[in-house]
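If you want the building blocks of each chain, they are given just below.
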Amino acid sequence: MIRNGALLLAIIAMSGCSGDAPGNGTPGNAASADVVAEAGERMYRDGIHVSGEPMTALVGGDIPIVGTQFSCENCHGRSGMGAAEGPYVVPPVAGQFLFAPSPQPERPAYDRDSLAVLLRDGITPSGRALSPELMPRYEIGDADVDVLTAYLENLSPGNSPGVGDEQSRFATVVTEGADPDAAAAMLAVLDRYAEDINSQTRGERERWDRGYSPESKLPTVFREWVIDEWTLSGPRETWAQQLESYYSEAPVFALISGTGPGSWQPVSEFCERNKVACLYPSTELPHRNDGDFYTVYFSGGLLLEARLIAAHLAERPVKSVVQVYCDPVYESVVAELRDSLEDTSSHNVSFDCDRPLPIEHIDEIAGERSAVVLWVGAKQLEGVPDAIGAETLYVSSTLTDAWPPAGVAGDSDLFMAHPYRLPGKVDPAARRFRAWAKSRGVEITAPRLQAEAYFACLVLKDAVKQMGRFFIREFALDKLDHSESLAAFVPMYEQPSFGPGQRFISKGGYIVPVVEGQVETVEAQWLLP
């Protein structure tokens, strides 16, 4: 649809690239296509002109809005498959729909010129004027229209990898160091859920050509679930290649659940690189770069705990903060808390995980009006003496996995950072999971991990249902962005919420006082850092 090579070369020049004219079979042709795709993507997702300047959109007829605040993706979704906004239905703009006739509302297929008219004047090919409150009018040039047309032509062209005529393939990741019993418990939930799905879809292929309605003539939307286990072992720097090998051998539509200690960075980066949906891994250290789209987490994990502690310290200031850790993987958590502190000096103490806590060294650094944050597990907390030289102590409920934390006592004020629902509070979603597990004969030995795996399956089932016949990863994630009703099914976490671009269900957590070895849940403070 790009109408002349001169325009392409101009776009390439503006992007700082070089190459031969398109259409001559040279490497420059591929470079040109890449530049056009990138320019179209920036327009669609970010509202940026080919020139690099923000677009201007007129809303309500005369209200100028910067395009970065009102891009195409905001309403039509990353997939271009459309969405529902309150009582309004936002139509799909992916090429397979936009550049084909539509029966409802009836209109001819768009082409480059009619798309330009729509963007500038809000008029469809059938002559219908769209409401300026719903469809902005954009100030765009011909080069903008050309690159956007090219981008939309190739947007969501068909089903994503991992989906066949009879099966949908998924995988879960178990990394080295994961508790083998807990991992087995998680896998038991995933396997049993897939068995449920497959028993419900058995015989669906026989429904082909039954009845007289047009729908009965369509191929079934039901596919069996296959969930592979991808085990990562050895040095972390080799995990990326291991993931690529698994994916090359058997592509999957999505990764669901998953477990392992340390950072989820290798898995998250794999998902972003291959545009694979990664749904709700059980990880203590989520990883997200600016602009990441494909990985969705329950919470910020230890990074959220660091922000909770910083917010709590802002209300009860100290002179200095001493952070203690033994595993280098937690250095990102230490940095998160340090960077979140204002006007407070921060010191780090690292030690060998096979050695006891270096209490004397901590005391030397802490001094008066200090807070000590122990980024260690229950094993390292054993044998902590009755007195530690700090006004305030913080521990992590994620790392100690105990309630209350054993082994910490003394005169310091002790608090626990807790990004989960408080114990003793009713958790309807967790009850629902326990009822499901009991009815299926699934033994619950790792409650939080198994409940999270169950929710990941619920989300995937809901996405599959809403996608209908269009198994597109970005469409699944777009649907998830608008699945507010799923919040009632989130176990273990307080005040979950969904929304466009949100990649953490739970955004806050508690700071819980521990007094004489007992948690004071009545005095627990909910914080939204």
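Residues numbered from 1 in each chain as written. Predicted model: local features only at pLDDT ≥ 70, side-chain atom pairs only at ≥ 80, totals over all residues. Heavy atoms only, no water.

Below, the discussion takes up the layout of surface pockets. In this model, the largest pocket occupies a volume close to 1,300 Å³. For the lining of the largest pocket, the elements supplying multiple residues, two or more each, are α14 (397-400), α15 (428-440) and α16 (447-467). The element contributing the most residues to the lining of the largest pocket is α16, with four residues. The class makeup of the residues in the lining of the largest pocket is 23 nonpolar, twelve polar and twelve charged. If you go around the second largest pocket, you meet 38 residues; those closest to its centre are His-76, Val-89, Val-90, Pro-91 and Leu-130. (1 Å grid on protein atoms, 1.4 Å probe; cavity = no way out; pocket = protein on both sides within 12 Å on 5 of 7 lines; lining within 4 Å. Points joined across faces, edges and corners; volume = space filled by probe spheres on them. Helix = DSSP H or I, 4+ residues; strand = E, 2+ residues; numbered from the N terminus. Nonpolar A, V, L, I, M, F, W, Y, C, P; charged D, E, K, R; others polar.)

Attention now goes to the environment of Glu-342. Along the chain, the position of Glu-342 falls in the loop between α11 (331-340) and β14 (345-350). Residue classification places Glu-342 among the exposed positions, given a relative accessible area of 67%. Glu-342 sits 28 residues away from Ala-314 along the chain, and the two C-alpha atoms are 7.9 Å apart. (Buried < 20%, exposed > 50% of the residue type's maximum accessible area, 1.4 Å probe, protein only.)

Pairing within the open sheet is parallel, and its five strands lie in the order β9-β8-β10-β11-β12. With one partner strand each, in any of the chains shown, β9 (224-232) and β12 (295-296) form the two edges of the open sheet. Bridge count between strand β10 (residues 254-256) and strand β11 (residues 277-279): three bridges; the pairing is parallel. Its bridge partner being in β11, Leu-255 is matched across the sheet by Cys-278. Along the sheet, helix α8 (residues 239-249) makes contact with β8 (167-175) and β9, crossing β9 at roughly 155°. (Pairing = 2+ DSSP bridges. Contact = heavy atoms within 4.5 Å. Axes fitted to C-alpha atoms, helices over the stretch in contact; angles between N-to-C directions.)

Turning our attention to the packing of α8 against helix α9 (residues 265-274). At a minimum axis distance of 9 Å, the contact between α8 and α9 shows a crossing angle of 45°. In terms of orientation, α8 lies oblique with respect to α9. Of the two possible hands of crossing, α8 and α9 adopt the one that is right-handed. Seen from α8, the contacting residues are Trp-239, Ala-240, Leu-243, Glu-244 and Tyr-247; seen from α9, they are Pro-266, Val-267, Phe-270, Arg-273 and Asn-274. (Parallel < 35°, antiparallel > 145°, perpendicular 65-115°, else oblique. Left-handed = near helix turned anticlockwise from the far one by under 90°.)

Turning our attention to the pairing of strand β17 (residues 413-418). Look at any regular strand and the pattern is simple: side chains alternate between the two faces of the sheet. Most of β17 sits out of view: five of its six residues are buried. Two elements, strand β16 (residues 392-396) and β17, share five bridges in a ladder whose sense is parallel. By the bridge assignment for β17, Val-395 is matched with Met-416. Note: β17 against strand β18 (residues 509-515), five bridges, orientation antiparallel. Bridge assignment links Leu-414 to a residue of β18, and that residue is Val-514.

Moving on to the side chain of Asp-427. Here Asp-427 lies in the loop between β17 and α15. The exposure class assigned to Asp-427 is buried, which follows from its relative accessible area of 9%. Among the polar contacts listed, one links the side chain of Asp-427 to the backbone nitrogen of Met-492, at a separation of 2.8 Å. If near-sequence neighbours (up to four positions away) are discounted, Asp-427 is found in contact with Arg-421, Val-490, Pro-491 and Met-492. (Polar contact = N/O pair within 3.5 Å; in protein donor to acceptor, adjacent residues only side chain to side chain.)

Right, let's talk about the state of the cysteines for a bit. Under the counting rule described, the total for this entry stands at one disulfide. Between Cys-72, a free cysteine, and Cys-75, which holds the nearest cysteine sulfur, the sulfur-to-sulfur gap is 8.9 Å. Among the cysteines around Cys-278, which has no disulfide bond, Cys-271 carries the closest sulfur, lying 3.7 Å off. Relative accessible area serves as the criterion here: at 1%, Cys-278 is assigned to the buried category. (Disulfide = S-S within 2.5 Å.)

On to the confidence of the model for the protein. On average, the protein scores 88 in pLDDT, and the residues at 70 or more come to 88%. Segment residues 1-9: pLDDT under 50, and 23 contacts once partners within four positions in sequence are set aside and those in other chains are kept. Below pLDDT 50 for its whole length, residues 12-27 participates in 25 contacts with residues either more than four positions away or in separate chains. (pLDDT = per-residue confidence, 0-100.)

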